[in-house]
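The residues making up each chain are set out below.
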Amino acid sequence: MKPIGLTRNKPLTFLIGEAAYVASHPYVPEREVKDIVIQVQLGNPNPSSPKSVMTFRLYVDKKPPHPVSEARLSERTGTWYLVPPGGGFSTVPNKDYLQMPITIPPAGAVIGWVGFCLLQRNDLTLEEAWRIDGEVAAVYPDGSEIRCRLPACDLPSARLA
């Protein structure tokens, strides 16, 4: 994992845990992926200054980044939704989401979940998601990024489901 763009001091450490692929949505065929929900850990090795992350981007199959989705908690129902650019929403698994922007204290770490809504590109099947080739980027306030590869999914292949 290498920092991309300009960085000052020591960069954050960035790890990805597990990924969940969600396919239940009335406008997405049963075998296509609607959301990707990813567990991330950000660590700040700098002993004296906090680091901030403004948002996350998803790079899949070496294509331009997907639009960044925003996870929102519904005050009325207490349910998490992924809201893609341009409107619309979809429910996601009940996870402890990171609220953006987030500041990691000196010599500290945070663990949480980020989600990406793929309704703008609903051609990704569950089988493709099982072996997806991509990276997640944490974006600093100055626009520079650090990236981490998506892990191989430990869910069974859609052919076996």
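Residues numbered from 1 in each chain as written. Predicted model: local features only at pLDDT ≥ 70, side-chain atom pairs only at ≥ 80, totals over all residues. Heavy atoms only, no water.

Chemist: Would you explain the layout of surface pockets in this entry?
Modeler: In this approach a probe as big as a water molecule rolls over the atoms, and the regions it shows empty are the leftover space. In this structure, the largest pocket spans a volume of roughly 210 Å³. The wall of the largest pocket is formed by 15 residues, among which S69, E70, A71, L98 and M100 lie closest to the centre. With four residues, the single largest contributor to the lining of the largest pocket is strand 10 (residues 109-117). Split by residue class, the lining of the largest pocket holds 10 nonpolar, four polar and one charged. (1 Å grid on protein atoms, 1.4 Å probe; cavity = no way out; pocket = protein on both sides within 12 Å on 5 of 7 lines; lining within 4 Å. Points joined across faces, edges and corners; volume = space filled by probe spheres on them. Helix = DSSP H or I, 4+ residues; strand = E, 2+ residues; numbered from the N terminus. Nonpolar A, V, L, I, M, F, W, Y, C, P; charged D, E, K, R; others polar.)

Chemist: I would appreciate a short explanation of the nonpolar core in the present structure.
Modeler: The tendency in soluble globular proteins is for nonpolar side chains to be buried side by side. Ranked by size, the top nonpolar core spans 30 residues in total, and within it F14, I36, I38, L42, F56 and V136 carry the most contacts. In this structure V136 touches F14, I16, I38, F56, R57, L58, F116, I146, R147, C148 and L150, once residues within four positions along its chain are discounted. Residues V37, L82, Y97 and C117 belong to the second largest nonpolar core, which totals nine residues. (Core = buried A, V, L, I, M, F, W, Y, C linked by side-chain atoms within 4.5 Å. Buried < 20%, exposed > 50% of the residue type's maximum accessible area, 1.4 Å probe, protein only. Contact = heavy atoms within 4.5 Å.)

Chemist: Looking at this structure, how should I read the sheet that holds strand 10?
Modeler: Note: strands within a sheet are paired through backbone hydrogen bonds, in either parallel or antiparallel orientation. Spatial ordering of the open sheet is given by 2-3-10, a layout of three strands whose pairing is antiparallel. The open sheet is flanked by strand 2 (13-22) and strand 10, the only strands paired with a single partner. Sheet twist, expressed as the average angle between the axes of neighbouring strands with direction ignored, equals 20 degrees. Pairing analysis gives nine bridges linking strand 3 (residues 35-43) to strand 10, with the strands arranged antiparallel. Bridge assignment links V40 to a residue of strand 10, and that residue is G112. (Pairing = 2+ DSSP bridges. Axes fitted to C-alpha atoms, helices over the stretch in contact; angles between N-to-C directions.)

Chemist: How do you make sense of the packing of aromatic side chains when you look at a structure like this?
Modeler: Each aromatic ring pair is specified by the distance between its two centres and by the angle formed by the two planes. Taken as a whole and assessed by the stated rule, the structure comprises one aromatic pair. On the numbers, 6.0 Å between centres and 40 degrees between planes, the contact of F14 with F56 is tilted. Here F56 lies in strand 5 (residues 55-60) and F14 lies in strand 2, a separation of 42 residues in the sequence. The exposure class of F14 is buried, given its relative accessible area of 0%. Positioned above the aromatic ring of W113 is the side chain of K95, whose terminal nitrogen or guanidinium carbon lies 4.1 Å from the ring centre. Just above the ring of Y59 sits the side chain of R147; from NZ or CZ to the centre is 3.9 Å. (Phe/Tyr/Trp six-rings, centres within 6.5 Å; stacked < 30°, edge-to-face > 60°. Lys NZ or Arg CZ within 6 Å of the ring centre and 35° of its normal.)

Chemist: When you look at the sheet that holds strand 6 (residues 70-73) in this model, what are you seeing that I'm missing?
Modeler: Spatially, three strands are ordered 6-7-8 in an open sheet, and the strand pairing comes out antiparallel. Two strands bound the open sheet, and with one partner strand each, they are strand 6 and strand 8 (90-91). Here strand 6 pairs with strand 7 (residues 80-83) via four bridges, running antiparallel. Paired with E70 across the two strands is V83, which belongs to strand 7.

Chemist: Explanation requested: unusual backbone geometry in the structure shown.
Modeler: For residues that are not glycine, phi is negative in most cases, and the peptide bond is trans in most cases. Put simply, M100 and P101 share a cis peptide bond, and its omega is -10 degrees. Relative to the helices and strands, P101 resides in the loop between strand 8 and strand 9 (102-104).

Chemist: Can you walk me through the environment of S144 in this structure?
Modeler: Looking at where S144 falls in the secondary structure, it is placed in the loop between strand 11 (134-139) and strand 12 (145-149). Residue classification places S144 among the buried residues on the basis of a relative accessible area of 6%. For the pair S144 and V53, spaced 91 residues apart in sequence, the C-alpha separation works out to 9.9 Å. At a separation of 2.6 Å, a polar atom in the side chain of S144 contacts the side chain of D142. (Polar contact = N/O pair within 3.5 Å; in protein donor to acceptor, adjacent residues only side chain to side chain.)

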